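Structural overview for review
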Amino acid sequence: MKSPVTQVLHTLYERYASLKDGKVADYIPELAKADPNLFGICIATRDGNLYEVGDTRHKFTIQSISKALAYGLALEDRGEEHVLSKIGVEPSGEAFNAISLKPQSGAPFNPMINAGAIATCGQILAKDGKSRIERIRDYLSQCAVGQLDIDQEVYRSESQTGHRNRAIGWMLRNFDIIQEEPRDILETYFQQCALKVTCTDLAVMGATLANQGFNPISGERAIAHEYVDNVLGVMASCGMYDWSGEWIYRVGLPAKSGVGGGILAVLPGQLGIGVFSPPLDEQGNSARGIKVCMDLARELSLHMFNPSAVPQPALRRSYNASQVNSRRRLPPAIFRELRRYGDRIRVLELQGPLLFSTFEPVIRELVKQAAYCQHIILNFSNVFSVDAVSLRMLHQVWEQLHAVGVRLTCCHAGRHGQALSEAGLGDDALFANEDAALEACEDALLARVMPDHIPQAPPVPLSGCALLSGCDEDELQLLEDQMETRSFGAGETIIQTGGRADELFLLTDGCAEVRLLLGNNRYQRLDVFSSGMSFGELAFLDGSPRSADVVAISPVTCRVIGRALFDEVGRQHPNLKVKILNEIALQVCDRLRQANVEISALRS
Ligand code: GLN
């Protein structure tokens, strides 16, 4: 089946394949040989998916597109201050090969015109046993699909005819923008322009820039994170020669074109686009490439300044402990108190990238909740990234809440956990999961509102089991005499998923949890029982196999009603059986009610 995305590219290909506008570059003789009919379009998504139509695997020389990435390497080698002192970032409004340098300093206007690109080349260091061109080649290859080679013919051809670029080189030397004889730098620049790429390589380079410098195909870091915005910045303002202003107005994507017929465009955070078609328009941009990008940006709504692309608030939903609780079952009287004061514990589920604009509504909510709550839990399970600004603000608000007696904890932080601790959130503010966080907050709340309540339920006699609360002494005695007692060490399995359900368990000592197995040794905690409670009744009643594991989380003692005993009780003491069934029915009602409240809170 053809994806609708590929379909869009096909339509564009069909629309412009027969376009005769533009002329293949011929000022470098070797480039004049390019076939004007070659045409390819590729989109690479931030997660590395490729959509390709046409001649996307045909190799051609990268030319000026290399300038954008080489600028990234120069920044990595020399730092922003130094590079800015040599090369400006102002659009020149002139042709790519203009000999235009700022009158006072002699600094090129920007790194996207030849003067700036040659100066950039001069900033790149030969190091780690590699020459400049080897370093440039490796750097660009890291951003591409694979290792890039130099087209020796194109290189020689440009080197033999590149008198104008040589003139620029000597001008730069004259102004001390480059400190050495420009010969080697110029040869490096010519070779850099002659690196062979495919349209797919361009799209992947774009996706790498869109992906904070990580190449989504190799999964490796290719460009240092801190310079990605510098590279995209000059691409946005200067990438399309003296058509840059019009381009950003109409297409709205940082981009760079080359006289080989390539265009690389980036939608930051989302995708990269590569288009290849050799005939160039008057500004030196691929004629088909421009049309394709304009249509693509309009049809897929890719313009960077399109408000529909604004990230959504990070607050996914919010509920309190009157609605949703930890999986631990509490005795009814305690549970009622918990629900009564439950609005003092609030959970905020977060989502997406946390950056100033998405996180600000969360901050607003935290400030508001500070007036009502004692505990706030931030659930990070759907958080995709956390930027430095959000971390700083989170830490600030954490401290402020602390000062007014509100405890802010985070759960499911996963890969963001380290960043949260480094931002200054104490280790006691991080919980593995929401259940553990809720449990801790519930304990703290109960300790406050029910100071006499004992968190660890003590052992109970059979009469203390809720399921038998309607039984008289004779009935209890009768059961006492016949029920088996079973003990389990912490970690031992009491009930196994899939097993036959012919026993009902009354917990007289310790705690046990119900685990729904998720595969790969992972499980989800469904319930936690403590002494006085019972489990295993559902499958016991309807005879289906056990649907979850029950595991002792402390040493456990259980009393067990087997099916044979239950049937026997039914025959000899029908009243007793009715009492037990009645109690089970009440408990099931209770749980269903709780579940309904939870479901409606979680759906809102
Ligand atoms: N190598 C070419 C030059 O310097 C690159 C120019 C371009 O792609 N615009 O002339």
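Refer to the preceding data block for the structure.
Residues numbered from 1 in each chain as written. Predicted model: local features only at pLDDT ≥ 70, side-chain atom pairs only at ≥ 80, totals over all residues. Heavy atoms only, no water.

So, on to helix α15 (residues 388–403). If you check α15, its first and last C-alpha atoms are 23 Å apart, about what 16 residues at 1.5 Å a residue would give, namely 22 Å. Listed in full, the buried residues belonging to α15 are Ser390, Leu391, Leu394, His395, Val397, Trp398 and Leu401. Those residues of α15 that are buried lie in contact with β9 (345–354), α14 (356–369), β10 (375–386), β11 (407–411) and α16 (417–422). Phi for Gly405, located one or two positions after α15, is positive at around 85°. (Helix = DSSP H or I, 4+ residues; strand = E, 2+ residues; numbered from the N terminus. Expected span 1.5 Å × (residues − 1). Buried < 20%, exposed > 50% of the residue type's maximum accessible area, 1.4 Å probe, protein only. Contact = heavy atoms within 4.5 Å.)

Neighbouring strands of a sheet are bound in pairs by backbone hydrogen bonds; such pairs are parallel or else antiparallel. Pairing is antiparallel in the open sheet, where 4 strands are placed in the order β14-β19-β16-β17. With one partner strand each, in any of the chains shown, β14 (493–495) and β17 (522–530) form the two edges of the open sheet. When the angles between neighbouring strand axes are averaged without regard to direction, this sheet yields 35°. Relative to strand β19 (residues 549–552), strand β16 (residues 511–519) is paired through 4 bridges, and the arrangement is antiparallel. Residue pairing in the sheet places Arg515 in a bridge with Asp549 of β19. (Pairing = 2+ DSSP bridges. Axes fitted to C-alpha atoms, helices over the stretch in contact; angles between N-to-C directions.)

Quick look at the sheet that holds strand β20 (residues 556–562) now. In space, the 4 strands of this open sheet follow the order β13-β20-β15-β18, with antiparallel pairing throughout. Strands with a single pairing partner mark the edges of an open sheet, and in this sheet they are β13 (484–488) and β18 (534–535).

A few words on helix α8 (residues 182–193). When the terminal C-alpha atoms of α8 are compared, their 16 Å separation across 12 residues agrees well with the 16 Å that a helix rising 1.5 Å per residue should span. Most of α8 sits out of view: 10 of its 12 residues are buried. Along α8, the residues that are buried comprise Pro182, Ile185, Leu186, Glu187, Thr188, Tyr189, Phe190, Gln191, Gln192 and Cys193.

The environment of the ligand is made up of Tyr27, Gln63, Ser64, Phe96, Asn114, Glu158, Asn165, Tyr189, Cys193, Tyr241, Gly258 and Val259. Take Ser64: an N or O atom from its side chain is 2.7 Å from a nitrogen atom of the ligand. Between Val259 and the ligand, the recorded distance is 2.9 Å, taken from a backbone N or O atom to an oxygen atom. Protein coverage of the free-state accessible area of the ligand, which is 300 Å², stands at 99%. Its residues assigned to classes, the shell around the ligand shows 6 nonpolar, 5 polar and 1 charged. (Near = heavy atom within 4 Å. Polar contact = N/O pair within 3.5 Å; in protein donor to acceptor, adjacent residues only side chain to side chain. Areas by Shrake-Rupley, 256 points an atom, 1.4 Å probe, with all protein chains shown as cover. Nonpolar A, V, L, I, M, F, W, Y, C, P; charged D, E, K, R; others polar.)

Turning to the pairing of β16, a few remarks are in order. The sheet contact formed by β16 and β17 spans 8 bridges and is antiparallel. Bridge pairing in β17 places Val514 opposite Asp527. Taking the residues between adjacent antiparallel strands as the criterion, β16 and β17 are bridged by 2 residues, where Asn520 takes a positive phi near 55°.

To continue, consider the side chain of Ser326. Looking at where Ser326 falls in the secondary structure, it is placed in the loop between β8 (315–320) and α13 (332–340). Only 2.7 Å separates the side chain of Ser326 from the side chain of Glu442, close enough to count as a polar contact. Excluding residues within four positions of it along the chain, Ser326 makes contact with Asp435, Leu438, Glu439 and Glu442.

Inspection of every chain in the model, using the stated rule, returns 37 salt bridges. In this structure, Lys579 engages Glu475 in a salt bridge whose closest nitrogen and oxygen atoms are separated by 2.9 Å. Placement of the pair is Lys579 in helix α21 (residues 574–603) and Glu475 in helix α18 (residues 473–482), with a sequence separation of 104 residues. Look at Lys579 and you get partly exposed, because its relative accessible area is 30%. Salt-bridge contacts for Glu503 lead to Arg486; the nearest nitrogen and oxygen are separated by 2.6 Å. Of this pair, Glu503 sits in strand β15 (residues 503–509) while Arg486 sits in strand β13; the two residues are 17 residues apart in sequence, bridging distant segments of the chain. (Salt bridge = Lys/Arg side-chain N within 4 Å of Asp/Glu carboxyl O.)

The next point concerns the packing of aromatic side chains. Scanning the model with the defined rule gives 8 aromatic pairs in all. Consider the rings of Tyr13 and Phe39, whose centres lie 4.9 Å apart with planes at 15°: the pair is stacked. Taken together, the residues span a long stretch of sequence, with Tyr13 in helix α1 (residues 4–17) and Phe39 in the loop between α1 and β1 (40–45) at a distance of 26 residues. With respect to burial, Tyr13 and Phe39 carry one shared label: buried. (Phe/Tyr/Trp six-rings, centres within 6.5 Å; stacked < 30°, edge-to-face > 60°.)

Ranked by internal contacts, the top residues of the largest apolar core, which has 75 residues, are Leu140, Leu172, Met205, Leu209, Ile223 and Met235. Ranked by size, the runner-up nonpolar core spans 29 residues in total, among them Trp247, Val275, Val292 and Leu302. (Core = buried A, V, L, I, M, F, W, Y, C linked by side-chain atoms within 4.5 Å.)

Here we come to the packing of helix α4 (residues 114–123) against α8. At a closest axis distance of 9 Å, the pairing of α4 and α8 adopts a crossing angle of 110°. Taken together, α4 and α8 sit at an angle that is classed as roughly perpendicular. For the pair α4 and α8, the sense of crossing is right-handed. Contact residues: α4 offers Asn114, Ala117, Ile118, Cys121 and Gly122, while α8 offers Ile185, Leu186, Thr188, Tyr189 and Gln192. (Parallel < 35°, antiparallel > 145°, perpendicular 65-115°, else oblique. Left-handed = near helix turned anticlockwise from the far one by under 90°.)

The next thing to look at is unusual backbone geometry. Here the phi dihedral of Asp176 falls at roughly 65°; this positive angle occurs in a residue that is not glycine. Along the chain, Asp176 falls in the loop between α7 (163–174) and α8. With relative accessibility at 41%, the residue Asp176 sits in the partly exposed group. One non-glycine residue, Gln212, lies in positive phi territory at about 55°. Looking at where Gln212 falls in the secondary structure, it is placed in the loop between α9 (199–210) and α10 (225–238).

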